[in-house]
Amino acid sequence: DVKVTQSSRYLVKRTGEKVFLECVQDMDHENMFWYRQDPGLGLRLIYFSYDVKMKEKGDIPEGYSVSREKKERFSLILESASTNQTSMYLCAGSSEGGYQGNQPQHFGDGTRLSIL
Amino acid sequence: GQQVMQIPQYQHVQEGEDFTTYCNSSTTLSNIQWYKQRPGGHPVFLIQLVKSGEVKKQKRLTFQFGEAKKNSSLHITATQTTDVGTYFCAGRGGTSYGKLTFGQGTILTVHP
């Protein structure tokens, strides 16, 4: 089974800071995803990656970027943190890469990020 | 873009009562997945439906995929306190590299 690990459970940062959220999974050739979860809005996709150095915008990419230098690691970057980016951030991976991607997504425990 | 609407947002039931949550997509889906998130936890995959009109059961849970592949439902029979959590549907379009669009989720509370 795929294991997804997020580096921090809780994080507090200040407005304007550059923030890095790290995610590691233990499978090769994986799709990886970053979501934010807000009450009443469900999970909204920020960015995803289907291969090393490949990235695709999700539904709400503004204010974020990502990096995938190695297959197992997918980083979410808040270029200049703002208070409206206070949220729960969830990383996920799926065990089948490529175009079809019918496999379930496996989530990390999440990072609750507060921007002051 | 693709939208998935899920209702109700909240559902409070007495233990032993039934529960249903519904999802509707603005576009035809290639498949739909269901996830459960326990309080304080992360979403965990429950099941995937692929075929038009498909019905799958997991013990007290029944999942349906509509004939037009634009709607789905999850029904829990005789709820238990262990069923507490948020249930999400997530739909996949035809060309998406595994990208899912999640519904808003239904928060289920079960009173003993």
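In the block above lies the structure referred to throughout.
Fair warning: this is a prediction, and the values are worked out from it, not measured in the lab.

Draft legend 1. The interface of chain A and chain B, seen in detail. At the junction of the two partners, chain A supplies 25 residues and chain B supplies 22 residues. Applying the counting rule to chain A against chain B returns zero salt bridges. Connecting chain A to chain B are four residue pairs in polar contact (both at pLDDT 80 or more). Secondary structure elements with two or more residues in the side of chain A that touches chain B: β5 (31–38), β6 (42–49) and β11 (105–107) of chain A. Here the residues of the side of chain A that touches chain B sort into eleven nonpolar, eleven polar and three charged.

Draft legend 2. Representation of the state of the cysteines within the structure. One pass over the full model with this rule turns up two disulfides over all chains. Between the sulfur atoms of A:Cys23 and its disulfide mate A:Cys91 the distance is 1.9 Å. For the disulfide bridge between A:Cys23 and A:Cys91, the dihedral angle about the S-S bond is near -80 degrees, and by the sign convention the bridge is left-handed. Taken together, the residues span a long stretch of sequence, with A:Cys23 in strand β4 (residues 23–25) and A:Cys91 in strand β10 (residues 87–94) at a distance of 68 residues. Overall, the relative accessible area of 0% leaves A:Cys23 in the buried class. Using a relative accessible area of 0% as the deciding quantity, one classes A:Cys91 as buried. What pairs with B:Cys23 in a disulfide is B:Cys89, and their sulfur atoms sit 1.6 Å apart. Across the S-S bond linking B:Cys23 and B:Cys89, the dihedral sits near -95 degrees, which makes this disulfide left-handed. Within this pair, whereas B:Cys23 is found in strand β3 (residues 19–25), its partner B:Cys89 is found in strand β9 (residues 85–92), the two being separated by 66 residues in sequence. For the pair formed by B:Cys23 and B:Cys89, the shared burial category is buried.

Each value, and the rule that gives it
- Residues numbered from 1 in each chain as written.
- Chains lettered and ligands numbered in written order.
- Predicted model: local features only at pLDDT ≥ 70, side-chain atom pairs only at ≥ 80, totals over all residues.
- Heavy atoms only, no water.
- Contact = heavy atoms within 4.5 Å.
- Salt bridge = Lys/Arg side-chain N within 4 Å of Asp/Glu carboxyl O.
- Polar contact = N/O pair within 3.5 Å; in protein donor to acceptor, adjacent residues only side chain to side chain.
- Helix = DSSP H or I, 4+ residues; strand = E, 2+ residues; numbered from the N terminus.
- Nonpolar A, V, L, I, M, F, W, Y, C, P; charged D, E, K, R; others polar.
- Disulfide = S-S within 2.5 Å.
- Buried < 20%, exposed > 50% of the residue type's maximum accessible area, 1.4 Å probe, protein only.

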